[in-house]
Structures are given as structure tokens and as C-alpha cells.
Amino acid sequence: MRVIAGTARGLRLDCPAGVARPMMDRVRGAVFSSLGEAVPGARALDLFAGSGAIGIEALSRGAASCHFVDRNRKAAEVIRTNLARAKLTGSVRLQDVAAYLGSATPAAFDLVFADPPFALETGDPAHPHSLLAGSNLARCVAPGGFFVVELPQEPPRPDPSWELLRNRRYGQAWVAMYRRTSDA
């Protein structure tokens, strides 16, 4: 796994063994290609951050800031190491995703990425279906901001706070891109 573009282009990133299933390089490349000019200067959030690859890619491509959230201590350590090796700065939060979103500052992020464990149960408050149906995620994303999620099945239909912009299958995973349409 490597950083695809930007200031840290080509840097190989560590991945916490047995903890994370990182988004494939080609999928990450397609996501950032779709986001294009929305990345430079953006405030980003990497949920279920694992290795931090998605947020580090955003920072490398010019995002103004990135917060990384993962509840696994080993993942948090790997993210800090990867940030240092990439010579990039970001804040790492050791916390459950649902709890973090419940306490985050409203409209704080322009880009939110989520690559949750595929084994996450549908009823879990941190499951993407729950996040899209609830108000905490929408409250944290600035109007016009984006939510990009990788899932093991076709993504859910969003409530009116979200517009599904893109939905594509890559091997065993689906990647969906939503845009925040209104105030939550």
C-alpha cells in the first residue's frame, strides 16, 4: 500500500496486521480522482482509519487538515508512524466512531471517509447504514461536503440529507460517494 499522489507520492505505508483491511490503491485513486478539486484546502475526517491511508492521501493532495478516528490502539500507533514518515500532520483520536461523531463539532468537515470492518453488524450505531440514517454524521459534514464509504454490499439509499453521487463495485467491495444536501 502506498500514497498515490501529492507531496508524499510513492511512500509505502504500514498497515496494522490483523486490525485493518485497507482500501486498495486503485480504489483510493478512483475516489480521489472523482473528488478532484474538492480536496485541496478541505477539512477531512478518516473514520475507521486503520493505517490512515485515506486521510494521508487527502493530506498529501493538499487537504488543510485531517482527523483520524479508530478505536484500536495499534491502528492509532501505525497512523502516527505513517504520518511522521509522510512528513504530514493530523490528529489521531482513539475512540469509537459513533461516539466520536456524537461529540464532534457541527459542520466541521468537508470530506468524510469511512472504511469500516466488513464484519460490522448492521444494527451497530457505527455501521454506515446507521450513520447515514442518523443525524450525527450529517451534522458533522458541511453542506455540500462529501461522505465516501466502502462496504461489502450495495450502499444504502440515503435520507434527504444526502445525495448519492456515485456507487461503484470494485471486486468484493462497493464504494459510494454521497454529498450533503441540507442542514441536519
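Before reading on, note that the structure itself is shown above.
Now for a description of the structure that goes with this document. (Residues numbered from 1 in each chain as written. Predicted model: local features only at pLDDT ≥ 70, side-chain atom pairs only at ≥ 80, totals over all residues. Heavy atoms only, no water.)

Considering the overall build of the chain
1) Next: The number of helices and strands found in the chain is 6 helices and 7 strands.
2) Next: Each helix and strand of the chain, ordered N terminal to C terminal, gives the series α-β-α-β-α-β-α-β-α-α-β-β-β.
3) Next: For a compact globule of 184 residues, the expected C-alpha radius of gyration is about 16 Å, and the chain comes in at 15 Å, within 12% of that figure.
4) Next: Burial status across the chain gives 49% buried among its 184 residues.
5) Next: Long-range pairs, those at least 24 residues apart, make up 63% of the contacts in the chain between residues at least 6 apart in sequence.
6) Next: A total accessible area of about 8100 Å² is found for the chain, and carbon and sulfur atoms account for 50% of it.
7) Next: Each charge class in the chain was averaged separately, 22 positive and 17 negative side chains, and the resulting centres sit 5 Å apart. (Helix = DSSP H or I, 4+ residues; strand = E, 2+ residues; numbered from the N terminus. Rg over C-alpha atoms; globule rule 2.2 N^0.38 Å. Buried < 20%, exposed > 50% of the residue type's maximum accessible area, 1.4 Å probe, protein only. Contact = heavy atoms within 4.5 Å. Areas by Shrake-Rupley, 256 points an atom, 1.4 Å probe, with all protein chains shown as cover. Lys, Arg positive; Asp, Glu negative; His and termini not counted. Charge placed at Lys NZ, Arg CZ, Asp CG, Glu CD.)

Observations regarding the nonpolar core
1) Next: With 35 residues, the main nonpolar core has L35, F68 and F113 as its most contacted residues.
2) Next: At the level of secondary structure, the elements contributing two or more residues to this core comprise helix 1 (25–35), helix 2 (53–60), strand 2 (65–70), helix 3 (73–86), strand 4 (109–114), strand 5 (141–151) and strand 7 (173–180).
3) Next: Every residue in contact with F113, bar those within four places of it in the chain, is listed here: V31, F32, L35, A44, L45, D46, L47, I54, A58 and V148.
4) Next: Counting residues in each nonpolar core, the second largest holds 26 residues, with V97, L101, L137 and L151 among its members. (Core = buried A, V, L, I, M, F, W, Y, C linked by side-chain atoms within 4.5 Å.)

Quick notes on the sheet that holds strand 3 (residues 91–94)
1) Next: Strand order in the open sheet made by the 7 strands is 3-2-1-4-5-7-6, with mixed pairing throughout. At either end of the open sheet lies a strand with only one pairing partner, and these are strand 3 and strand 6 (162–170). Averaged over all adjacent pairs, the angle separating strand axes in this sheet is 15°, with direction ignored.
2) Next: Both strand 1 (residues 43–47) and strand 4 contribute to a ladder of 4 bridges, which runs parallel. Bridged to A44 within strand 4 is L111. (Pairing = 2+ DSSP bridges. Axes fitted to C-alpha atoms, helices over the stretch in contact; angles between N-to-C directions.)

As for the packing of aromatic side chains
1) Next: This model, assessed by the stated rule, comprises 4 aromatic pairs.
2) Next: Centroid distance W162 to Y178: 6.5 Å. Interplanar angle 75°. Geometry classified as edge-to-face. Residue W162 is found in strand 6, and its partner Y178 is found in strand 7; the two are separated by 16 residues along the sequence.
3) Next: Judged by relative accessible area, Y178 falls into the buried class, the value being 0%.
4) Next: Through successive ring pairs, a cluster of aromatic residues spans F147, W162 and Y178. (Phe/Tyr/Trp six-rings, centres within 6.5 Å; stacked < 30°, edge-to-face > 60°.)

Re the pairing of strand 1
Side-chain positions along a regular strand alternate between the two faces of the sheet.
1) Next: By the criterion of burial, strand 1 is predominantly enclosed, with 4 of the 5 residues buried.
2) Next: Here strand 1 runs beside strand 2; their pairing, made up of 5 bridges, is parallel. Paired with R43 across the bridge in strand 2 is S65.

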